[in-house]
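Chain and residue survey
The chain contents come next:
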Amino acid sequence: MNDKDIQRIETHLRRTFGAAGIVLKARPKQKDSAEVYIGEEFIGVVYQDEDEDGSFMFEMAILAEDL
């Protein structure tokens, strides 16, 4: 993911979830995804959609110990 994509997705997630603290961080070894954080808390990963150019998927796991 390039910096422009990361900024666009970050803005979209902040607006959608009403959380100004959402930050995307590029993954050094993976060029097709970025990690999503709220503050210092890792919450998921955004991936480029392989089937649709310009689209992305957000994946978030909810673990039993977090509930």
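Anything mentioned here points back to the structure above.
As a starting point, this report considers the structure included with it. (Residues numbered from 1 in each chain as written. Predicted model: local features only at pLDDT ≥ 70, side-chain atom pairs only at ≥ 80, totals over all residues. Heavy atoms only, no water.)

**A closer look at the nonpolar core**
- The biggest cluster of nonpolar side chains holds eleven residues, and these are Met1, Ile6, Ile9, Leu13, Ala19, Ile22, Leu24, Ala34, Val36, Ile43 and Val46.
- Where this core is concerned, the elements lending two or more residues are helix 1 (3-17), strand 1 (22-27), strand 2 (30-38) and strand 3 (41-48).
- The leading source of residues in this core is helix 1, at three residues.
- Discounting residues that sit within four places of it in the chain, Met1 has contacts with Ile6, Ile9, Lys31, Asp32, Ser33, Ala34, Val46, Gln48 and Phe56. (Core = buried A, V, L, I, M, F, W, Y, C linked by side-chain atoms within 4.5 Å. Buried < 20%, exposed > 50% of the residue type's maximum accessible area, 1.4 Å probe, protein only. Helix = DSSP H or I, 4+ residues; strand = E, 2+ residues; numbered from the N terminus. Contact = heavy atoms within 4.5 Å.)

**Re the packing of aromatic side chains**
- Applying the stated criterion across every chain, the model contains two aromatic pairs.
- Judged by centre distance (6.4 Å) and plane angle (55 degrees), the ring pair of Phe17 and Phe58 falls under tilted. In this pair, Phe17 is assigned in helix 1 and Phe58 in strand 4 (residues 56-59), connecting sequence segments 41 residues apart.
- Between Tyr37 and Phe42, the ring centres sit 5.6 Å apart and the planes meet at 70 degrees, which makes this aromatic pair edge-to-face.
- Classification of Phe42 by relative accessible area gives partly exposed; the value is 42%.
- Positioned above the aromatic ring of Tyr37, the side-chain terminus of Lys25 is 4.3 Å from the ring centre. (Phe/Tyr/Trp six-rings, centres within 6.5 Å; stacked < 30°, edge-to-face > 60°. Lys NZ or Arg CZ within 6 Å of the ring centre and 35° of its normal.)

**Observations regarding the environment of Ala20**
- Note that Ala20 resides in the loop between helix 1 and strand 1.
- By relative accessible area, Ala20 is classed as exposed at 69%.

**Details of helix 1**
- Between its first and last C-alpha atoms helix 1 spans 21 Å; for 15 residues at 1.5 Å apiece the expected length is 21 Å, and the two agree.
- Of the positions making up helix 1, those classed as buried are Asp5, Ile6, Ile9, Glu10 and Leu13. Buried positions in helix 1, seen along its axis, are confined to an arc of 130 degrees and lie on one side of it. Turned more than 90 degrees away from the buried face of helix 1 sit Asp3, Lys4 and Arg15, all of them exposed.
- Looking at the buried side of helix 1, the elements it contacts are strand 1, strand 2, strand 3 and strand 4.
- Capping of helix 1 at its N-terminal end is provided by Asn2; its side-chain oxygen lies 3.1 Å from the backbone amide nitrogen of Lys4. (Expected span 1.5 Å × (residues − 1). Arc of directions from axis to C-beta. Polar contact = N/O pair within 3.5 Å; in protein donor to acceptor, adjacent residues only side chain to side chain.)

Function cannot be inferred from these measures alone, as they are strictly geometric.
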